[in-house]
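Here is what each chain is made of, one letter per residue.
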Amino acid sequence: MSPPRRLSDTAYLSQMLPLPLALPLAELEVGQHLYWHLGNLKIHGQVFLSSWVVIGALLALVFVGTRKLERDPRGLQNFLEFLWDYIRDLAREQIGEKAYRDWLPFIGTLFLFIFVSNWGGALLPWKLISLPHGELGAPTADINTTVALALLVSLAYFYAGLSRKGFRYFEYYVEPTPIMVPFKIVEDFTKPLSLSFRLFGNILADELVVAVLAFLVPLVVPLPAMLLGLFTSAIQALIFATLAAYYIGEAVHESHH
Amino acid sequence: MTSWLLLGATEGGLFDLDATLPLMAVQVVLLTLILNALFFRPVGRTVEEREGYITTSRADAKQKLAQVLRLQADLKEQLKDARKAAQALIVEAEQESDQLYRDAIAEATASANAAREASRRELDSQRDGALGQIQADATKLGDLIVDRLLAPQ
C-alpha cells in the first residue's frame, strides 16, 4: 500500500459524494487487499478468509442437515429438501429434462455459494475483525471470485456441449444462419464478462452504498439500503445460477433438423 | 485515479486480478464435489425415493379402492338376490300357511257339518221312533178305551 494509492482512492470517493469530505473516507478502503504470498504468487487473503467462512457455513448446514435423512423429513431436512427442490426446478427448467441431472450440483453450488457469500457479506459483522490491509466482506465483491465463477460457467457449457454432442456442438454457431458466426463467437466472450461484472458490480456497489451511508448517518438511514442490498444479493445469486443453467441448456439443446 | 484501471499496474485496486482467481475456481470446484457428495446426491436420493414411494402407494391404493368397489358391488348384488329370495320365501310361506288355514277351516267345517247331519239324522230317527211308539200307545189306549166302553157294563 503506497501513499499515492490512498490519495487516488480518496479522490475517487470524494468525486462520488457531493459533500466536503476529508480524508476519513479513505477508511472505506476500496480496492485494498490483504496480500498473501504463495511463492511469487499474490493472493487476496481477505477473500479467502471470508470464502472459508461461507464454505464452512454451507458445509456445516449440509452436514448437520443430512446426517439422518428420513422418509418423513424433520427439521433441517425439510429446509434442505426445499433448497434441493428449488435448485432442481431451476436447473430442469433451463437445461431440460435430459441433461439437468449432470449439472444440478454445479448450478446448485453456484447458487448456494453466491447466495451465502452475498448475504454473509451483508449480514455478518465483519468490521469486528480488523485486518492489517483491506477488509472482510462478501467474497463476491472481489473481481477474482466472480471472474473465477464466470470462467467456470464458460468451461462448463463448452464441456456440456462437446461431451453431449461432440463436434456437432459447433453447429450451434451457424444456427439459424452462418451469418451468426461472429456474433456467437463474441457471445462466448461477453457471457463470462457480463456474468462476472454483473455480480461483482452489484455486490460491490451494495457494500459501498451501505458503507458510505453508514459512515454519513450511522443510524436508521442505511437500513433501507441494507434491505435493498439483501434483495439484490438474493436476486444476483438467482440470476447467476439461472444464466449459468441457461448457457448450459443452450449448449446441450438439440435443434430440430 | 486511473491507475487501478490498468490491471497489475500497481498493487491493489478494484480490478486486481491475480492468483486468487484460479485458486478460487479450484475452491469452488472442490465445493461442488463436496456438496454433491454431502448434499445433492443424498437429498436427491431421499426425495426421489419418497416420490417413488408415493407413486407406488398411490397406485396400490387405487388398485385396492377398485377392488373394494368391485367387492362392494358384488356384495350389493348378493344382498339384493338374498333379499329377493327371502321375499319369495316369505310369500310362499304365507301362501302355504294360508292354504293350511283354509284347509283346516274347511276340514273343521266339513266335520262339523257331518256331525250335525248325523245328530239330526239320529234325532229324526228317534223322533220317528218316538212318534211310532206314541202312535202305538195311542192306538192301544184307544183300543183300551173302546174296549172299556164297550165292555159289558
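Residues numbered from 1 in each chain as written. Chains lettered and ligands numbered in written order. Predicted model: local features only at pLDDT ≥ 70, side-chain atom pairs only at ≥ 80, totals over all residues. Heavy atoms only, no water.

(A) Structural context of the overall build of chain B. For chain B, the helix and strand inventory stands at one helix and zero strands. Looking at chain B residue by residue over its 153 residues, the buried ones come to 17%. For chain B, the exposed surface amounts to about 11700 Å²; the carbon and sulfur share of it is 62%. (Helix = DSSP H or I, 4+ residues; strand = E, 2+ residues; numbered from the N terminus. Buried < 20%, exposed > 50% of the residue type's maximum accessible area, 1.4 Å probe, protein only. Areas by Shrake-Rupley, 256 points an atom, 1.4 Å probe, with all protein chains shown as cover.)

(B) Focus on the overall build of chain A. When helices and strands are counted, chain A shows seven helices and two strands. Listing each helix as α and each strand as β along chain A from the N terminus yields α-β-β-α-α-α-α-α-α. Long-range contacts, defined as pairs at least 24 residues apart, comprise 66% of the intrachain contacts of chain A with a sequence gap of at least 6. Of the roughly 13200 Å² of accessible surface on chain A, a fraction of 70% belongs to carbon and sulfur atoms. (Contact = heavy atoms within 4.5 Å.)

(C) Highlighting the pairing of strand S1 (residues 35–38) of chain A. Residue and element names in this part refer to chain A. Bridge count between S1 and strand S2 (residues 41–44): four bridges; the pairing is antiparallel. From the neighbouring strand, Leu38 faces S2, where its bridge partner is Leu41. Counting the residues that bridge the hairpin from S1 to S2 gives two residues, and of these Gly39 lies at a positive phi of roughly 60 degrees. (Pairing = 2+ DSSP bridges.)

(D) Representation of a nonpolar patch on the surface within the structure. Residues and elements named next belong to chain A. Side chains of Phe215, Leu216, Val217, Leu219, Val220, Val221, Leu223 and Met226 sit close together on the surface and give an oily, nonpolar patch of about 690 Å² of accessible area. Of all the elements in the fold, those that place two or more residues in the nonpolar patch are helix H6 (181–216) and helix H7 (222–252). Here Leu223 shows up in helix H7. (Patch = residues over 30% accessible without salt bridge, like charges linked within 9 Å, V, L, I, M, F, W, Y side chains within 5 Å. Salt bridge = Lys/Arg side-chain N within 4 Å of Asp/Glu carboxyl O.)

(E) The arrangement of the side chain of Thr140 of chain A in detail. Residues and elements named next belong to chain A. In this fold, Thr140 is placed in the loop between helix H4 (100–123) and helix H5 (143–165). Judged by its relative accessible area of 0%, Thr140 is buried. In this structure the side chain of Thr140 is engaged in a polar contact, spanning 2.5 Å, whose partner is the side chain of Asn118. Sequence-distant contacts of Thr140, that is, excluding residues within four places in its chain, are made with Ile114, Ser117, Asn118, Thr145, Thr146, Leu199, Phe200 and Ile203. (Polar contact = N/O pair within 3.5 Å; in protein donor to acceptor, adjacent residues only side chain to side chain.)

(F) Spatial organisation of the confidence of the model for chain B. In the predicted model, chain B carries a mean pLDDT of 89, and 92% of its residues have values of at least 70. Here residues 1–9 of chain B is modelled with pLDDT under 50, and outside its nearest four sequence neighbours on either side it reaches 17 contacts, counting other chains as well. (pLDDT = per-residue confidence, 0-100.)

(G) Representation of H5 of chain A. The first and last C-alpha atoms of H5 of chain A sit 33 Å apart over 23 residues, in line with the 33 Å expected at 1.5 Å per residue. Downstream of H5 of chain A by one or two residues, Gly166 of chain A has phi in the positive range, about 65 degrees. (Expected span 1.5 Å × (residues − 1).)

(H) Expanded view of the nonpolar core. Ranked by size, the top nonpolar core spans 69 residues in total, and within it Ile95, Phe106, Ile107, Leu112, Val153 and Ile248 of chain A together with Phe39 of chain B carry the most contacts. Sorting the residues of this core by element identifies helix H2 (45–65), helix H3 (76–95), H4, H5, H6 and H7 of chain A together with helix H1 (20–150) of chain B as the ones contributing at least two each. Those residues in contact with Leu112 of chain A that lie beyond four places of it in its chain are Leu58, Leu83 and Ile87 of chain A together with Leu35, Phe39 and Phe40 of chain B. (Core = buried A, V, L, I, M, F, W, Y, C linked by side-chain atoms within 4.5 Å.)

(I) A look at the pattern of salt bridges. In the structure shown here, the tally under the stated rule is 14 salt bridges over all chains. Between Lys68 of chain A and Glu70 of chain A there is a salt bridge; the shortest N-O distance is 3.6 Å. Looking at Lys68 of chain A, the relative accessible area reads 59%, which means it is exposed. A salt bridge links Arg92 of chain A to Asp89 of chain A, with the shortest nitrogen-to-oxygen separation between them at 3.6 Å. Linking Arg92 of chain A with Asp89 of chain A, this pair stays in helix H3, spanning three residues, or about one helical turn. Residue class for Arg92 of chain A comes out partly exposed when judged on its relative accessible area of 27%. Through salt bridges with shared partners, a single network forms among Glu117, Arg120, Asp124 and Arg127 of chain B.

(J) Geometry of the interface of chain A and chain B. Contacts between the two partners involve 55 residues from chain A and, on the opposite side, 38 residues from chain B. Counting the surface lost from both chain A and chain B, the interface buries some 4300 Å², and carbon and sulfur atoms represent 72% of this. Elements represented by at least two residues in the side of chain A that touches chain B include exactly helix H1 (3–16), S1, S2, H2, H3, H4, H5 and H6 of chain A. By residue number, the principal contributor to the side of chain A that touches chain B is H2 of chain A, which donates nine residues. When its residues are assigned to classes, the side of chain A that touches chain B shows 35 nonpolar, 12 polar and eight charged. (Buried area = accessible area lost by both parts, 1.4 Å probe. Nonpolar A, V, L, I, M, F, W, Y, C, P; charged D, E, K, R; others polar.)

(K) Highlighting the packing of aromatic side chains. Residue and element names in this part refer to chain A. One pass over the structure, following the stated rule, counts 22 aromatic pairs over all chains. Taking 6.1 Å as the distance between ring centres and 45 degrees as the angle between the ring planes, the aromatic pair formed by Phe48 and Trp52 counts as tilted. In this pair, Phe48 and Trp52 are both assigned in helix H2, four residues apart and thus about one turn of the helix distant. Exposure remark for Phe48: the relative accessible area of 3% places this residue in the buried category. The rings of Tyr157, Phe158, Phe167, Tyr169, Phe170, Tyr172, Tyr173, Tyr246 and Tyr247 are connected pair by pair, giving a single aromatic cluster. Above the plane of the ring of Tyr35 lies Lys42, whose end atom (NZ or CZ) is 5.4 Å from the centre. Sitting over the face of the ring of Tyr157, Lys191 holds its NZ or CZ atom 4.6 Å from the ring centroid. (Phe/Tyr/Trp six-rings, centres within 6.5 Å; stacked < 30°, edge-to-face > 60°. Lys NZ or Arg CZ within 6 Å of the ring centre and 35° of its normal.)

(L) Molecular detail of the environment of Gln236 of chain A. All names here are of chain A. Its location among the elements puts Gln236 in helix H7. Residues Gln236 and Arg198, spaced 38 residues apart in sequence, show a C-alpha to C-alpha distance of 8.0 Å. In contact with Gln236, other than residues within four places in its own chain, are Asn118, Arg198, Leu199 and Asn202.

(M) Structural context of the confidence of the model for chain A. All names here are of chain A. Per-residue confidence for chain A gives a mean pLDDT of 85; residues scoring 70 or more make up 88%. By mean pLDDT, the top-scoring element of chain A is H3 (94), and the lowest-scoring one is H1 (45). Throughout residues 1–26 the model reports pLDDT below 50, and contacts reaching past four residues in sequence, or to other chains, amount to 34 contacts.

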